[in-house]
Amino acid sequence: MDNSGHPLVIVCDLDDTLYLERDYVASGFKAVGGWAETHLSLANFENVAWRLFQAGRRERVFDAALHELGVAGDSDLIQQMVSVYRSHKPMIALRDDVHHFLGGLHRPDGLALVTDGYREAQENKIAALRLGELGFSPIVVTDIWGRDYWKPHPRAFRLIADAFDSKPRRFVYIADNATKDFLAPNQLGWTTVQITRKGGLHRSEPPTPEHAPATRIASFDQLPDALGIAQSHMRES
Ligand SMILES: [Mg+2]
């Protein structure tokens, strides 16, 4: 419970909130690199793509890497590589502070997830991180409804609110990207928390005051303080 006595529901974003998205990118490039070696007899794709990404390239990395390796990348080939990337089983891990938060004594009364991104890729990440077994429920991948329902559309947040009973609760959404993550939960009266991880990919300022988080943290270790909650209160249910 929080200090008003309301049960606390912590809702998390996935990418760059629970794990580092760049680790997923590295894992995906490795999978595509292995595929390129087998199917195109092309060595070094992974290294070239990663160097481009590290240099700041975010769009059409596969085209650029193929070009650098002297291969003409038609749209069929690119589509195949994108498919390998999105369907691969990622080698990713929760950040240490997330482990500490989930494994510690400070469990909230409810724990849920809202994530954007391509459905298959997000579902593979959720499976790799075993979020269901760790108690996240519901887990909402907005892409199951199509791109129109990605954040800031409020549908996922309304679904979460409806999933808990009508008793007053304090909902908190923790995420990294002020461009899209906080508008809908702010409008629903949730507490919004931006996590600013070193190595995170999205460092934009909120485009309007309505997009801004209520507070910011650098790790989950700071969450009880940020919410004004005594740590002992987070384990009551
Ligand atoms: Mg994110």
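Residues numbered from 1 in each chain as written. Predicted model: local features only at pLDDT ≥ 70, side-chain atom pairs only at ≥ 80, totals over all residues. Heavy atoms only, no water.

Chemist: What exactly am I supposed to notice about the overall build of the protein here?
Modeler: Broken down by element type, the protein carries nine helices and six strands. For the protein, whose C-alpha radius of gyration is 19 Å, the value lies close to the compact-globule estimate of 18 Å for 237 residues. By principal-axis analysis of the C-alpha atoms, the protein measures approximately 65 × 35 × 30 Å. By residue count, 47% of the 237 residues in the protein fall in the buried class. Look at the contacts in the protein between residues 6 or more apart in sequence, and 68% of them connect residues 24 or more apart. Counting only carbon and sulfur atoms, one obtains 48% of the accessible surface of the protein, whose full area is about 11,600 Å². Separation of charge centres in the protein, based on 26 positive and 31 negative side chains, amounts to 1 Å. (Helix = DSSP H or I, 4+ residues; strand = E, 2+ residues; numbered from the N terminus. Rg over C-alpha atoms; globule rule 2.2 N^0.38 Å. Buried < 20%, exposed > 50% of the residue type's maximum accessible area, 1.4 Å probe, protein only. Contact = heavy atoms within 4.5 Å. Areas by Shrake-Rupley, 256 points an atom, 1.4 Å probe, with all protein chains shown as cover. Lys, Arg positive; Asp, Glu negative; His and termini not counted. Charge placed at Lys NZ, Arg CZ, Asp CG, Glu CD.)

Chemist: Would you explain the coordination of the magnesium ion in this entry?
Modeler: Think of it this way: four donors in a tetrahedron around the metal ideally sit 109.5 degrees apart, and six in an octahedron ideally sit 90 or 180 degrees apart. On the protein side, the magnesium ion has Asp-13 (OD), Asp-15 (O) and Asp-176 (OD) as donor atoms, found 2.1 to 2.3 Å from it. All donors of the magnesium ion come from a single chain, and their spacing in sequence reads D-x1-D-x160-D. Taken together, the positions of Asp-13 in the loop between strand E1 (8–12) and helix H1 (21–40) and Asp-176 in the loop between strand E4 (170–175) and helix H8 (183–187) put the pair 163 residues apart, joining distant regions of the chain. On the basis of relative accessible area, Asp-176 is assigned to the buried category, the value being 6%. (Donors = N, O, S within 2.8 Å, 3.2 Å for Na, K, Ca; no water.)

Chemist: Would you explain the domain arrangement of the protein in this entry?
Modeler: Bring the parts together and some accessible area is lost; that lost area is often taken as the interface size. Parsing the protein into structural domains produces domain 1 (8–20 + 92–235) and domain 2 (22–87). The distance between the C-alpha centroids of domain 1 and domain 2 comes to 30 Å. Opposite the eleven residues of domain 1 that make contact, domain 2 presents seven residues. Here domain 1 meets domain 2 over a buried area of about 900 Å², counting both sides, of which 57% is carbon and sulfur. Sorting the residues of domain 1 by area buried against domain 2 places Leu-20, Tyr-118 and Leu-201 first, and these three jointly supply 45% of that buried surface. Partitioned by chemical class, the residues of the side of domain 1 that touches domain 2 number six nonpolar, two polar and three charged. (Domains from an automatic or database assignment. Buried area = accessible area lost by both parts, 1.4 Å probe. Nonpolar A, V, L, I, M, F, W, Y, C, P; charged D, E, K, R; others polar.)

Chemist: Even after reading the chapter, I still don't get helix H3 (residues 61–68), so can you show me in this structure?
Modeler: Helical geometry: 3.6 residues make up each α-helical turn, so side chains three or four residues apart lie on a common side. Every buried residue of H3 is accounted for by Val-61, Phe-62, Ala-64, Ala-65 and Leu-66. Tucked inside the fold, the buried residues of H3 contact H1, helix H2 (45–54) and helix H4 (75–87).

Chemist: Explanation requested: the pairing of strand E5 (residues 191–195) in the structure shown.
Modeler: Each regular strand carries side chains that alternate between the two faces of the sheet. Along E5, five of the five residues are buried, which leaves the element largely enclosed by surrounding structure. Note that E4 and E5 share four bridges and pair parallel. Bridge assignment links Ile-174 to a residue of E5, and that residue is Val-193. Bridging between E5 and strand E6 (residues 215–217) involves three bridges; their strand directions are parallel. Directly across from Gln-194, in E6, lies its bridge partner Arg-216. (Pairing = 2+ DSSP bridges.)

Chemist: Would you mind showing me how to read the sheet that holds strand E2 (residues 110–115) here?
Modeler: Where strands meet in a sheet, backbone hydrogen bonds hold them as pairs that are either parallel or antiparallel. The parallel open sheet is built from six strands, whose spatial order is E3-E2-E1-E4-E5-E6. Of all the strands in the sheet, just strand E3 (139–141) and E6 have a single pairing partner and so form its edges. Mean inter-strand twist for the sheet, computed between neighbouring axes without regard to direction, equals 20°. (Axes fitted to C-alpha atoms, helices over the stretch in contact; angles between N-to-C directions.)

Chemist: Just to check I follow, could you spell out the packing of aromatic side chains for this structure?
Modeler: Geometrically, a pair of aromatic rings is defined through the distance of the ring centres and the angle of the planes. Under the counting rule described, the total for this entry stands at 15 aromatic pairs. A ring pair is formed by Phe-29 and Trp-50, whose centres lie 6.3 Å apart and whose planes are at 75°; its orientation type is edge-to-face. With a gap of 21 residues between them, Phe-29 in helix H1 and Trp-50 in helix H2 connect regions that are remote in the sequence. Given a relative accessible area of 4%, Phe-29 falls into the buried group. Ring geometry for Phe-29 against Phe-53: centres 6.1 Å apart, planes inclined by 85°, an arrangement best described as edge-to-face. With Phe-29 in helix H1 and Phe-53 in helix H2, this pair connects stretches of sequence that are 24 residues apart. Using a relative accessible area of 4% as the deciding quantity, one classes Phe-53 as buried. Over the aromatic face of Phe-53 sits the side chain of Arg-58, whose NZ or CZ is 3.9 Å from the ring centroid. The lysine or arginine in question, Arg-147, covers the ring of Trp-150, its NZ or CZ lying 4.0 Å from the ring centre. (Phe/Tyr/Trp six-rings, centres within 6.5 Å; stacked < 30°, edge-to-face > 60°. Lys NZ or Arg CZ within 6 Å of the ring centre and 35° of its normal.)

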